[in-house]
Amino acid sequence: MASRSPSRSEEQFLCSICLEVFSEPVSTPCGHNFCKRCISHTWDSTESCFCPLCKEVFSTRPQLKTNTLLSEMVSQLKLEKLEKRSSSMENMPSFSEVQCDACSEPKLKAVKSCLVCLSSFCESHLQPHLSAPRLKRHQLMEPVDDLEDRMCPTHDQPLKLYCSTDQKAICVVCSALEHKNHTLVSLKEAFEQEKVSLQQTVAENQRLVEQRRLKVQEITAALELSEREAQRETQQMVKVFSDIMESVQRCLDHHTKVLEQSLSKHKERAQALIQQLQQEMCELEKSSTEAQQLSLSTDPLHFLQRCPALPPAGLKDWSSESFEPQTCEGSAARALSELETSLSQKINKVFREELRRVQTFAVDVTLDPDSAHPDLDLSEDLKQVHHTDVRKKLPDSPQRFDYGVNVLGKQSFSSGRFYFEVQVKGKTKWDLGVAQESVNRKGKIYLSPMNGFWTIWLRDKDQYKACTDPPVLLSPLRPPQKVGVFVDYGAGLVFFYDVDSADLLYSFTGCCFREKLFPYFSPCTNSGGTNSAPLIISAVDTESPVCEGLK
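Residues numbered from 1 in each chain as written. Predicted model: local features only at pLDDT ≥ 70, side-chain atom pairs only at ≥ 80, totals over all residues. Heavy atoms only, no water.

Chemist: I would appreciate a short explanation of the pairing of strand β15 (residues 417-423) in the present structure.
Modeler: Regular strands place side chains that alternate from one sheet face to the opposite one. Most of β15 sits inside the fold, with 5 of its 7 residues counted as buried. Two elements, β15 and strand β20 (residues 482-488), share 7 bridges in a ladder whose sense is antiparallel. Looking at β20, one finds that F420 is bridged to V485. Pairing of β15 with strand β24 (residues 535-538) involves 3 bridges; the strand directions are antiparallel. Directly across from E421, in β24, lies its bridge partner S538. (Buried < 20%, exposed > 50% of the residue type's maximum accessible area, 1.4 Å probe, protein only. Helix = DSSP H or I, 4+ residues; strand = E, 2+ residues; numbered from the N terminus. Pairing = 2+ DSSP bridges.)

Rendered as structure tokens:
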């Protein structure tokens, strides 16, 4: 026959009073068995002695005797359980497992916790809760350690409800008293709601993590691009300055060689003249010696025959011959002038290459009518603006300039780089640059970076200034006819170029932009017609002579 399961065998050896395995089992006269301690305690607390199972009443207190057979069987059962616990490591509780409160050492893993008993039970000690009618009414749950925390500290009742108003777990008594008019749900319903909310929170956190991960990638990519651009610019600067130093060295070597060659020729002529003079000096000295010897002669015939040969023939007339020291004055000036021409060409080439590079960031800019001063006239395509003497009737919005004849571009920029060009031909005064969104548009305006303007201007036909604080006087080589404006938002740069010559007119560096930037224009007043020419936003021509010279 197949042996009965351990749980069934163990159930036969449970005391009906304590619901535990018999401890010192004894038998009553009616034949029922109990723990000696349990039946003795029961009879000690009652006036009459009766059997707790069959209710038979005994006239006198029975003499309890140990049931030896049952005692041996219980001992054998306990021994088998102990051996089983010792041999099966998988039944040993892990560090994180809830242990059975009823087990003696070693404790088994609990399978359920009772909210009434406030204890956790292993599979064996749980059996009374599954079979005894009185214990079946107890509320069981998955095993937990903090059973006391699951009881209401005020009413000693299980926490079964959740108050959404106070956001706390409560018992049934609490719901009828302190939380009577509050929004109440079951713990399970609150759990499901909070679980959904938690899942949404996790999803949102994951979205935020992904957003930040992408931002890290964006910053890393931007940093790598910055490093590449810095490396490229460094290489370009090294190349440019190396070319300049080579040009300086070549110019120095050339003019030094010219001086050396000139001095060598001068030296050769001097040596030739000196050699010729020394030769004639020798001939003259020889002639003088002969003349002295001849003057001592007493023979008339000999004297007369030799005398006509003196002095020597073929002597040069040195009175017309001159040899001035070679002058080197002006050599350094000529060398510097030549070097300046060479460097000017190289520098101009660098400026043209730089202008061509920034022109690749050209954007389409149009004028914003909502910001334009009422005295300004804008073209239909919003590309031209000039001042008129007729004030338009326009609504005075916060965006509109009401004192300075200014207008902003319609497009704004809060990152990256952008470039635009403006024709200023024929004008005697104008303002150009960029302005941040929050600049003051009412009343008199002082143009400066402190007030949110990065601009340059022209006054009195030839007075150019950068509107810093204080203003900086500019000295362009020629009056610019078209001005290019380049902004690197992240690097804090604003450059102004003479488009035709590619000269850099001025650069704002170290700017700290924190708002949107708008292109800024002011054609200034027409001054009775002398400044009536418009400012014209020009399309960037990459095929212009400036760029053609680089191909």
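Back to the write-up after that little detour.
Chemist: What am I meant to see in the packing of aromatic side chains here?
Modeler: By convention here, two paired aromatic rings are described through the distance between centres and the angle between planes. Here the structure, examined in full by the defined rule, presents 12 aromatic pairs. Measuring from centroid to centroid gives 5.9 Å for F420 and F521, while their planes differ by 55°, and the two rings are tilted. A residue pair is termed long-range when its members are at least 10 positions apart, and F420 in strand β15 and F521 in strand β23 (residues 517-522) qualify at 101 residues. The exposure classification of F420 matches that of F521, with both residues buried. (Phe/Tyr/Trp six-rings, centres within 6.5 Å; stacked < 30°, edge-to-face > 60°.)

Chemist: How should the confidence of the model for the protein be read in this particular structure?
Modeler: Close reading of the predicted structure is inappropriate where its pLDDT is low. The predicted model of the protein averages 85 in pLDDT, with 92% of residues at 70 or higher. Per-element confidence in the protein ranges from a low mean pLDDT of 41 for helix α10 (residues 545-548) to a high of 98 for β23. Within the model, the stretch residues 1-8 combines pLDDT values under 50 with 4 contacts to residues more than four positions away or in other chains. Taken as a whole, residues 545-551 scores under 50 in pLDDT and shows 17 contacts with residues more than four places along the chain or in a different chain. (pLDDT = per-residue confidence, 0-100. Contact = heavy atoms within 4.5 Å.)

Chemist: How should the layout of surface pockets be read in this particular structure?
Modeler: In this approach a probe as big as a water molecule rolls over the atoms, and the regions it shows empty are the leftover space. Taken as a whole, the largest pocket spans an internal volume of roughly 1,000 Å³. What lines the largest pocket is a set of 29 residues, among which E229, E233, E354, R357 and L493 lie closest to the centre. Counting residues per element, the lining of the largest pocket draws most heavily on helix α7 (residues 187-295), at 12 residues. Considered class by class, the residues forming the lining of the largest pocket number 16 nonpolar, 5 polar and 8 charged. (1 Å grid on protein atoms, 1.4 Å probe; cavity = no way out; pocket = protein on both sides within 12 Å on 5 of 7 lines; lining within 4 Å. Points joined across faces, edges and corners; volume = space filled by probe spheres on them. Nonpolar A, V, L, I, M, F, W, Y, C, P; charged D, E, K, R; others polar.)

Chemist: What is the right way to read the nonpolar core from this model?
Modeler: Here is a general trend for soluble globular proteins: nonpolar side chains tend to be buried in one another's company. If you look at the biggest cluster of nonpolar residues, it comprises 37 residues, and the most contacted ones within it are W430, V483, V494 and F521. In this view, V494 contacts V434, W454, V485, F486, V487, Y506, S507, F508 and F513; residues no more than four positions away in its chain are not counted. Membership of the second largest hydrophobic core comes to 18 residues, among which are V26, F34, L70 and L77. (Core = buried A, V, L, I, M, F, W, Y, C linked by side-chain atoms within 4.5 Å.)

Chemist: Explanation requested: the sheet that holds strand β7 (residues 119-121) in the structure shown.
Modeler: One key point about sheets: their strands pair by backbone hydrogen bonds, in either a parallel or an antiparallel sense. What the 3 strands build is an open sheet, ordered β7-β6-β8; its pairing is antiparallel. Strand pairing shows two members of the sheet lacking a second neighbour, β7 and β8 (140-141), which therefore form its edges. The pairing of strand β6 (residues 112-114) with β8 spans 2 bridges and is antiparallel. Looking at the pairing, C114 lines up with L140 of β8. Packing against the sheet, helix α4 (residues 123-131) makes contact with β6, β7 and β8, and its axis sits at approximately 110° to β7. (Axes fitted to C-alpha atoms, helices over the stretch in contact; angles between N-to-C directions.)

Chemist: So what exactly am I meant to see when it comes to unusual backbone geometry here?
Modeler: Most peptide bonds adopt trans geometry, and most residues besides glycine take a negative phi value. Backbone torsion omega between E105 and P106 reads -5°, so that peptide bond is classified as cis. Along the chain, P106 turns up in the loop between α3 (68-87) and β6. Looking along the chain, the bond that leaves D469 and enters P470 is cis, with omega of 5°. Locating P470 in the fold gives a position in the loop between β18 (463-466) and β19 (472-474). Of note in this structure, Q167 is not a glycine but carries a positive phi near 55°. Since its relative accessible area comes to 62%, Q167 is described here as exposed.

Chemist: Hey, could you run me through the environment of P153 in this one?
Modeler: Here P153 lies in the loop between β8 and β9 (161-163). Here P153 falls in the exposed class, since its relative accessible area comes to 81%. Placed 18 residues apart in sequence, P153 and C171 show a C-alpha to C-alpha distance of 9.6 Å.

Chemist: Would you explain the pattern of salt bridges in this entry?
Modeler: Pairing between side chains of opposite charge can happen when the charged atoms of each approach one another. Using the criterion set out here, one finds 18 salt bridges in the structure. With its nearest N and O atoms 3.0 Å apart, the salt bridge here joins R391 to D375. Linking R391 in the loop between β13 (384-387) and β14 (407-408) with D375 in the loop between α9 (331-359) and β12 (376-378), this pair joins segments that are 16 residues apart in sequence. On the basis of relative accessibility, which here comes to 12%, the residue D375 falls in the buried class. Residue D503 is joined to R478 by a salt bridge in which the shortest nitrogen-to-oxygen separation is 3.4 Å. (Salt bridge = Lys/Arg side-chain N within 4 Å of Asp/Glu carboxyl O.)

Chemist: Even after reading the chapter, I still don't get the packing of α7 against α9, so can you show me in this structure?
Modeler: Any two packed helices are characterised by how steeply their axes cross, that is the angle between the axes, and by the distance between the axes. Direction vectors running N to C along α7 and α9 enclose 160°, while the axes themselves pass 10 Å from each other. One finds that α7 runs roughly antiparallel with respect to α9. Considering only the axes of α7 and α9, their crossing is right-handed. Its residues assigned to classes, the contact of α7 with α9 comprises 9 nonpolar, 6 polar and 10 charged. (Parallel < 35°, antiparallel > 145°, perpendicular 65-115°, else oblique. Left-handed = near helix turned anticlockwise from the far one by under 90°.)

Chemist: How should the sheet that holds β15 be read in this particular structure?
Modeler: Spatial strand order, β12-β13-β24-β15-β20-β21-β22: 7 strands in an open sheet with antiparallel pairing. In the strand order of this sheet, the two ends are held by β12 and β22 (503-508), each with one partner. On average, adjacent strands in this sheet sit at an angle of 20° to one another, irrespective of strand direction. Across 2 bridges, the pairing between β13 and β24 is antiparallel. Counted as the bridge partner of V385 is L535 from β24. This element, α9, spans β15, β20, β21 (493-498) and β22 of the sheet and lies at about 110° to β15.

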